[in-house]
Amino acid sequence: MDLGRKILIVEDERVISLNTSFVLKKIGYHVVQICSSVENVVAVLKEKEVELVLMDINLGGDLDGIEIAELIRKDYDLPVIFLTAHFSHDLLSRVKNVNAHAYILKPFSNRELEINIELVLLRHESEKRIKAMHDTLQKTNQELEKKIQQRTDELVRANKALTEEIELGRLQSQAQAQSEKDFRELFENSHDAILIVNPANGSIKKINISACVLYGFTADEFLALRTNDLFFHKKDADEGFEMLESDGGFRAFEAIHHKKNGSLIFVEISVTIILFKKKLALQYIIRDVTIRKNTEKALVENERKYREMTNFLPVPIFEVNCREIITYCNSRAAELFGYAAAEMINILRLTDLIADEEKEEVRKMLTDRVPDKIKEGKTHSARTKHGEELTVVGYFSLYSETGGSVSARVCLVDVGDLTRTQQQLMKLSMVIEQINEVVIITDPKGKIEYVNPAFLKGYGYTVEDVIGKPTSILKSGKQNRQFYKKMWNRINAGEIFSAEFINLRKDNALYYEHKTITPLRNSNGEITHFVSTGRNIIDEKNAEREIYEHQRFIDAVNNTVPLIVCVYDLSERRFTFFNNKLTSILGYLPEDLFAFSQEEFIDLIHPSDRRLMLLAFEQDNYSSDEVYQVAFRIRNKLGEYRIIEFRGVSFGRSDKGVLRQVLGTALDITEQRYHERQLNAMIRLHRLQEKKEQKIRTISLMEGQEEERRRLSRDLHDGIGQLMTAIKMKLDNLSQKLDGSNDAFIKGINDVSNIVKTTIGEVRRVSNDLVPISLYDFGLAAVIKRLLDTVQDKIVSFDSNIGNRRFHSSIEIACYRILQEAINNIQKHSEASEIAVVLDFENDILQMKIEDNGIGFVILESQPYAFIGKGNGLNNMYERSRIIGGKHSIVTSPGNGCRIAVELNAKLII
């Protein structure tokens, strides 16, 4: 972990932010600041150095954490780790769009936070290095394109000059053609090969001496040829004719020709139309440019090889011009000094990398203009781009460029790399000294040069006993000459040899060792040493003997068992034993499956059961003496799947308690499972039928109860209610007819009338409680509003979008009864001051929500619709909604009120 990494926390929950800050500081990070808004984040990033941002997604304000992270990514290129307690696919999609480095769900452990921070910082640094390398590559490509363009311009100018020269030669040839004598003299004495060719068929009519010398043909042999016979690529001859035919003028082109001896030459061909013996003919002037072509090719190839070679050298290489400016550097140079190559080439001077007090000395080395003189071995102090100090050894080689200027190639070797290499070698030496495996190093003839302490402990020798002695002193005689001959043939051929050795300790005790011998080569590919590493396997040999004895016993017993018995070797990942029941049950011979690897055996398992079967091969499942049991489908020899019940137990542990083998039995339960499925299907069908009948009986019972309620309600309303109303009217009439002479009697009549009036109201209330008559007349919304109007001492709100819409009577009655039960519970137990009821109907789904701000209660896990110390009201509500196929939920906790939601599918019921 890199201590002191600067981290910014963005979190609007103060307790969470302080706890996160405490954890980060405890781990060893530096918390720059804690911010709760985007303004604070921007201000901190402008003023302070930050390496990583821990960002909460749900922040107060106009922007959430994801939007702030997008701003940070665009403006500051900082890694962001999101911390959130919520997860959704939409949220994850937004996080992906901002290229977040990590996403941690709260709550998280300190270790989880630390690991994610370290991985994100490492990934961010890797991305920065990759970006820098990409920029360097882009700059190098631009420079290369620039140089290619410069070289192309030079070639164009050279071609132009050559074309002008050829054109001048053509004009001179035309002038000389006026005189036959002058023409023959020029023809014969030309240093270039000249051919006179018939344009109709390409046959050669006349050649000069230079042509014979160039190609090696005699004059007679030439006259028997055609021009096409000289071209290595026939298309070059066709292209020459096509260029000539385009306007009939002079053309020059390059091609590859055969000589008589079969060798190839590069030639430059100029074709001119002339008069030969008063007929039109073609004059081929051919110049050998093989040397020029090979030189150009060698220059280009040498330049490419030089760049490739220096770029992959593990030491920094610079080229510096006469003004000390760096004109080239390889990738190691840019990496060592922390620059991109584009930031150094043609921008920095070499002395810009050297410490101030040593600049003049390096400048003197660069200005000592003695080409081909190498100045080396001088140690200098240098600085990287980020101010880190380096100690380097400089090697300076001066060379002359075209034009006479002197430039330098400079190699600056980081001595720190050598120091670190020595430290790594020291660590490696300490590891070899400490490991438990035997290590022996010998010369190519097998004489021992080094042994580690594990060898001395295992074999009982001292260092003086073995150094300089041949490894044959360890031989026990238990392995034949062919074994050692094979070993020497392999390692002398440069191959690694690995096998079990039976050696002899100093006390003449046998020492069983699994040894690996590796040849070491020098830079010339010659074998200089052999390194032998070995592991004591005496415990494994003893275990193998025990397993063999157990195996004999198992073979004798399991061949009489009426099920498959097998042994699986966990170290070799394969079966080592099957009894003969394998063939009768699955059709395979034991040797068929012995040859199977674990992967091949798993292919026989049904794809859906392979994961279960793999667990049967895991060592962790046999940590105790319990039986591991699993059922899976396996393909038999005929290709049919059979259901096998496998039981495995631990078997064959080493002295250290490591499990080596599993003993298993397998029983074919295919027919048993078939009958079980049939029986289970019949049971499920019977249960479904019972549930359906029970639901029908329950609905019928509830409908009967509601019908009885309606009858009682009508009897109360129409019978007792009307009778009480008539009594009150009689009493009122009697009171009006009496004179005022008997006030006490009149008062008594009025008191009775008031009692009757109260009784009438109570009868109406009871009648309405039994069945709200208005429910059948005006619908659900109206009767709910009327019920809520009766609630006293509470703030009641009612929101509905159903209007006068009517539903099936079972839905309306269920909703009314549920609301009635809920209002009754709220008034008796909740101590609430507010009640909110919502009716919502959309897409055939009717939802009713009842919410209060009361004291809430605890829902029991064993009885989710009953609560501590109360009756069965909530359970009744749940049963009513369940019976008609509705969904019912209750959300509550002490001190947080209660929210009841009922959802009914009106379409299904209607």
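As a starting point, this report considers the structure included with it. Predicted model only: the values in this text are computed from it and were never measured. (Residues numbered from 1 in each chain as written. Predicted model: local features only at pLDDT ≥ 70, side-chain atom pairs only at ≥ 80, totals over all residues. Heavy atoms only, no water.)

**Describing the environment of Val406**
Mapping Val406 onto the fold places it in strand S15 (residues 406-414). With relative accessibility at 12%, the residue Val406 sits in the buried group. (Helix = DSSP H or I, 4+ residues; strand = E, 2+ residues; numbered from the N terminus. Buried < 20%, exposed > 50% of the residue type's maximum accessible area, 1.4 Å probe, protein only.)

**Points about the packing of helix H26 (residues 780-789) against helix H27 (residues 809-830)**
Running from amino to carboxyl end, H26 crosses H27 at an angle of 15°, the nearest separation of the two axes being 10 Å. If you check the angle between H26 and H27, you find them roughly parallel. The interaxial crossing formed by H26 with H27 has right-handed handedness. Facing Leu780, Val783, Ile784, Leu787 and Leu788 of H26, the residues of H27 in contact are Glu812, Cys815, Tyr816, Leu819, Gln820 and Ile823. Across the contact of H26 with H27, the residue classes break down as nine nonpolar, one polar and one charged. (Axes fitted to C-alpha atoms, helices over the stretch in contact; angles between N-to-C directions. Parallel < 35°, antiparallel > 145°, perpendicular 65-115°, else oblique. Left-handed = near helix turned anticlockwise from the far one by under 90°. Contact = heavy atoms within 4.5 Å. Nonpolar A, V, L, I, M, F, W, Y, C, P; charged D, E, K, R; others polar.)

**Some remarks on empty space enclosed by the protein**
What the rule picks out here adds up to three cavities of 30 Å³ or more. The computed volume of the largest cavity comes to approximately 120 Å³. Residue classes in the lining of the largest cavity are distributed as 14 nonpolar, no polar and no charged. Estimated volume of the second largest cavity: approximately 40 Å³. Considering the residues around the second largest cavity, the lining is formed by Asp539, Asn542, Ala543, Glu546, Arg653, Ser654 and Asp655. Here the lining of the second largest cavity takes four residues from helix H18 (residues 538-558), the largest share from any one element. Looking at the lining of the second largest cavity residue by residue, the class counts come to one nonpolar, two polar and four charged. (1 Å grid on protein atoms, 1.4 Å probe; cavity = no way out; pocket = protein on both sides within 12 Å on 5 of 7 lines; lining within 4 Å. Points joined across faces, edges and corners; volume = space filled by probe spheres on them.)

**A word on the pattern of salt bridges**
Throughout the structure, instances matching the rule amount to 28 salt bridges. Across the pair Asp135 and Lys131 runs a salt bridge, and its minimum N-O distance is 3.5 Å. Residue Asp135 and its partner Lys131 are both found in helix H5 (residues 110-176); the two are separated by four residues, about one turn of the helix. A salt bridge links Lys506 to Asp465, with the nearest nitrogen and oxygen atoms 2.9 Å apart. (Salt bridge = Lys/Arg side-chain N within 4 Å of Asp/Glu carboxyl O.)

**Observations concerning the packing of H27 against helix H28 (residues 873-883)**
Between H27 and H28, whose axes approach to 9 Å, the crossing angle comes to 165°. Between H27 and H28, the interaxial angle falls into the category roughly antiparallel. Handedness of the H27/H28 crossing: left-handed. Facing Arg817, Ile818, Glu821, Ala822 and Asn825 of H27, the residues of H28 in contact are Gly873, Leu874, Met877, Arg880 and Ser881.

**Considering the sheet that holds strand S1 (residues 6-10)**
One open sheet accounts for five strands, arranged S2-S1-S3-S4-S5; its pairing is parallel. Looking at strand neighbours, the two that pair on one side only are strand S2 (30-35) and strand S5 (102-105), the edges of this open sheet. Going from strand to strand, the sheet's axes swing by 20° on average, the running direction of each strand aside. Taken strand by strand, helix H1 (residues 14-27) contacts S1, S2 and strand S3 (52-56), and its axis lies near 170° from that of S2. (Pairing = 2+ DSSP bridges.)

**Side note on the pairing of strand S20 (residues 527-536)**
Sheet topology note: the strand S16 (residues 438-442)/S20 ladder contains five bridges and is antiparallel. In the strand pairing of S20, Ile440 is matched with Ser532. Here strand S19 (residues 510-521) pairs with S20 via nine bridges, running antiparallel. In the sheet register, Glu513 faces S20, and the bridge partner there is Asn536. Counted along the chain from S19 to the antiparallel partner S20, the turn is five residues long, and its residue Gly525 has a positive phi close to 85°.

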